Amino acid sequence: MTERYAPTRVPRIKPPAQLTKYGFIAPAILLLIAFNVFPLFYTLVISFTDMKSFTKWEKVNWVRGENYGETFENPDYAQSIRTTALFVFAAVSIELILGFALALALREPFRGRGVVMTILMIPMMLSQAVMGIYWYVILNGNYGVLNQVLGISGPDGPKWLIDSDLKLISILMIDVWMWTPFMMLISLAALNSIPRHIYEAAEIDRASRWTVFRRITLPMCAPLLFLAVLLRTTDALKQFDLVMALMGPDDPATQTLSVKIFQVAMRGWNIGQGGAFAFVILIAVIAMATIFTRYIGYIQARQGRAAA
Amino acid sequence: MKLVRWTIIVGYFFLAVLPLVWLVLTSLKSEQDAIATTMKIFPGDSEPGDKSMVFRPTVKDSYAKLAEPLPGDQEPFYFFLWNSTIIGLFSTLAAVLLGTFCAYGFSRFRIAGAQDWLFFILSTRFLPPLAIVLPVLRMYQQFELQDTHLGLILLYTVFNLSLAVWLMKGFIDEIPRAYEEAALVDGYSRWRAFWKIIVPQAATGMAVTAVFCLIAAWNEYGFAVTLTTETAKTVPVYFAGLQGRPTGLPWPRVAAGALLFVVPIIVFTILVRKHLLRGITFGTVKQ
């Protein structure tokens, strides 16, 4: 007896309701808007005023573009922009080269490599403010370790923290110490992503080591290295903690952008001016963030194609 | 070539490790040894001018004194450590929870303008804290949140949200949809499926994200220095504020405090070493 075979219906999954969808993402997004977007608008608004940190709203005057004019004309601000640019350029370049060299050295596995790498990662994860005050001991001209190791302590040694030429170099040194592992880690990932068979093909074609490096290794690492440079640059532009911990907010030789804003707004009580200056920097940072995300999309598309 | 390679590795290793080793050694010295002009590598409770290299660590000037406030301060180191701990833990909890919800939404649902939203979320992490802290300061003064634990917890939660969302999205993307779909077919609601299926699978991811958020909150200085004065002051603000004191600092004590502060970070770093690359690139590059 043949029974009618009725195919069982596969139950369909209901598409999620709007409420569900937005319910999941709303809390986070609302918080971010409240704490980032509104303050940005507020900063924009007060940058057109002469608000000081203790004035009430009623007493605030509208000064229109004065603060911005001041930002572009005041030599102190120009100095801090120069300091920051110099710092960022030097720090990122040195970290990139050192980090990449380290990654090249650490590429081949050896016993204990995991331990060595983990230890090398530690400086990257430490608090800049805390380490800053600690490096004071090392860099102090009179009893600092660095000068003693170099064999020149006492009144003749280079005064890392007092000599105005050396101050920025000190900050640079500490930053390189902290962030080279960052570049190294990303460089290693980049190096490991190059498929073996390309090297084997090059070997068959009897390419020299230098050619291999120049034509294969470097170009294939370039995308991830660029990513690393982007990330590190955006972070370096924000440099604040280290300078504050080691030099304080008032030293013109090492005032990076954020430190200058702090000095103007928190020590000088001039929130309006600080706001204008901050907004100018914001534009630059947003530009970098845009490049970053577009670039991420590009890399992930490439990775997707490579894997396919 | 091999020689060059090993020179680089060993050389850099020493350079990287030396400051940390010095930190440990300083925390074990007596005060006069710590600032001796002739370098004393090993701590030894001795007369000035004694150049012996006998290893005699002492904690009497360092760890033992951590419970006392520094001259001129009101609170000892442990007070600030407690602040950092409370603020760090609660803000991490909130950030990971909210971040996971948000990441799940972006990972599984088609949301209009998702790329733009994700860009917005990421860009909040790129902002220099000083650029948005001024309005936040005024806002906090208004709501009496300034210098409170809650104020900083709230701020750190938001600050870490972008990291949490991006990291968790990476982790949740890796969980096959089949599991929740099976549950949904069986009649689970999205909410229940989320808690019963996704969360257990994403547990490692949540732990890793929690570690990175905790480290970020622990180390944070920019917001803390502008928004706290006494009650909610965290350790980084305390330490950075030590700079520029006219009377010299008791270095062994400072070193001991710094070490205590830094040890949890080192432990956590070792725990998540397999995910470090992901953590520092916001989840975009996997190890």
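Residues numbered from 1 in each chain as written. Chains lettered and ligands numbered in written order. Predicted model: local features only at pLDDT ≥ 70, side-chain atom pairs only at ≥ 80, totals over all residues. Heavy atoms only, no water.

*Asks:* Would you mind going over the packing of aromatic side chains with me for this structure?
*Replies:* Think of a pair of aromatic rings as described by two things: how far the centres are apart, and how the planes are tilted against each other in angle. Scanning the model with the defined rule gives 35 aromatic pairs over all chains in all. For the pair F226 of chain A and Y295 of chain A, a centre-to-centre distance of 4.7 Å together with 80° between the ring planes defines the contact as edge-to-face. Here the residue F226 of chain A occupies a position in helix α9 (residues 209–237), and Y295 of chain A occupies one in helix α12 (residues 271–307), the gap between them amounting to 69 residues. Counting every residue linked through ring pairs, the aromatic cluster contains F24 of chain A together with F101, Y104, F109, W191, F194 and W195 of chain B. Stacked on the ring of F159 of chain B, the Lys or Arg R125 of chain B has its end atom at 4.6 Å from the ring centre. (Phe/Tyr/Trp six-rings, centres within 6.5 Å; stacked < 30°, edge-to-face > 60°. Helix = DSSP H or I, 4+ residues; strand = E, 2+ residues; numbered from the N terminus. Lys NZ or Arg CZ within 6 Å of the ring centre and 35° of its normal.)

*Asks:* So what exactly am I meant to see when it comes to the environment of L227 of chain A here?
*Replies:* Considering the arrangement of structural elements, one finds L227 of chain A in helix α9. Taking the C-alpha atoms as reference points, L227 of chain A and I299 of chain A, 72 residues apart in sequence, are found 8.9 Å from one another. Contacts of L227 of chain A, omitting those with residues within four sequence positions, involve F292, Y295, I296 and I299 of chain A together with T284 and V285 of chain B. (Contact = heavy atoms within 4.5 Å.)

*Asks:* Looking at this structure, I do not really get the packing of helix α9 (residues 203–219) of chain B against helix α12 (residues 251–271) of chain B. What am I missing?
*Replies:* A pair of packed helices is characterised by two quantities: the angle between their axes and the separation of those axes. All names here are of chain B. α12 packs onto α9 with a crossing angle of 160° between their chain directions and a minimal axis gap of 10 Å. Between α9 and α12, the interaxial angle falls into the category roughly antiparallel. The hand of the α9/α12 crossing is left-handed. The residues of α12 that touch α9, namely those facing V211, L214, I215, W218 and N219, are F261, P264, I265, F268 and T269. Of the residues in the contact of α9 with α12, the class split is eight nonpolar, two polar and no charged. (Axes fitted to C-alpha atoms, helices over the stretch in contact; angles between N-to-C directions. Parallel < 35°, antiparallel > 145°, perpendicular 65-115°, else oblique. Left-handed = near helix turned anticlockwise from the far one by under 90°. Nonpolar A, V, L, I, M, F, W, Y, C, P; charged D, E, K, R; others polar.)

*Asks:* Help me understand the pattern of salt bridges in this model?
*Replies:* When their charged atoms lie close together, side chains carrying opposite charge are able to pair. Residues and elements named next belong to chain A. With the rule as written, the count across this model stands at eight salt bridges over all chains. The residue E95 makes a salt bridge to R232 at a minimum N-O spacing of 2.9 Å. With a gap of 137 residues between them, E95 in helix α3 (residues 75–105) and R232 in helix α9 connect regions that are remote in the sequence. An identical accessibility class is assigned to E95 and R232; each is buried. A network of salt bridges, in which partner residues are shared, links E95, D175 and R232. (Salt bridge = Lys/Arg side-chain N within 4 Å of Asp/Glu carboxyl O. Buried < 20%, exposed > 50% of the residue type's maximum accessible area, 1.4 Å probe, protein only.)

*Asks:* Honestly, the interface of chain B and chain A in this entry has me stumped. Any pointers?
*Replies:* Size of an interface, as often reported, equals the accessible area lost when the parts are brought together. On the side of chain A, 98 residues touch chain B, which itself brings 94 residues to the contact. Carbon and sulfur atoms make up 81% of the area that chain B and chain A hide from each other, which totals about 8600 Å². It is Y12, F126 and R138 of chain B that lose the most area in chain B upon contact with chain A, and together they represent 9% of the buried surface on that side. The tally of links from chain B across to chain A stands at zero salt bridges. (Buried area = accessible area lost by both parts, 1.4 Å probe.)

*Asks:* Just to check I follow, could you spell out a nonpolar patch on the surface for this structure?
*Replies:* All names here are of chain B. Side chains of W6, V10, F14, L18 and V21 sit close together on the surface and give an oily, nonpolar patch of about 440 Å² of accessible area. When you line up the elements, W6 lands in helix α1 (residues 2–27). Residue classification places W6 among the partly exposed positions, given a relative accessible area of 34%. (Patch = residues over 30% accessible without salt bridge, like charges linked within 9 Å, V, L, I, M, F, W, Y side chains within 5 Å. Areas by Shrake-Rupley, 256 points an atom, 1.4 Å probe, with all protein chains shown as cover.)

*Asks:* Just checking my understanding: could you explain α12 of chain B for this structure?
*Replies:* Given 3.6 residues to a turn, an α-helix orients residues that are three or four positions apart in the same direction. Over its 21 residues, α12 of chain B runs 30 Å from end to end, which matches the ideal 30 Å to within 8%, given 1.5 Å per residue. By the largest-angle criterion, V262 of chain B marks the main kink of α12 of chain B, which is about 30°, and a proline, P264 of chain B, follows within four residues. (Expected span 1.5 Å × (residues − 1). Bend = angle between axes of the 7 residues up to and from the residue.)

*Asks:* I tried to follow empty space enclosed by the protein on my own but got confused; where do I start?
*Replies:* The probe, sized like a water molecule, is rolled over the atoms to show the empty space still left. As enumerated under the stated definition, the model contains five cavities of 30 Å³ or more in all. In this structure, the largest cavity occupies an estimated 870 Å³ of space. Looking at the largest cavity, it is lined by 35 residues, and the ones nearest its centre are W179, D235 and K238 of chain A together with R125 and F159 of chain B. Of all the elements in the fold, those that place two or more residues in the lining of the largest cavity are α7 (164–192) and α9 of chain A together with α4 (114–126), α5 (129–143), α6 (149–173), α9 and α13 (276–280) of chain B. Of all the elements, α9 of chain A adds the most residues to the lining of the largest cavity, at five residues. Class assignment for the residues of the lining of the largest cavity results in 20 nonpolar, eight polar and seven charged. Taken as a whole, the second largest cavity encloses approximately 120 Å³ of empty space. (1 Å grid on protein atoms, 1.4 Å probe; cavity = no way out; pocket = protein on both sides within 12 Å on 5 of 7 lines; lining within 4 Å. Points joined across faces, edges and corners; volume = space filled by probe spheres on them.)

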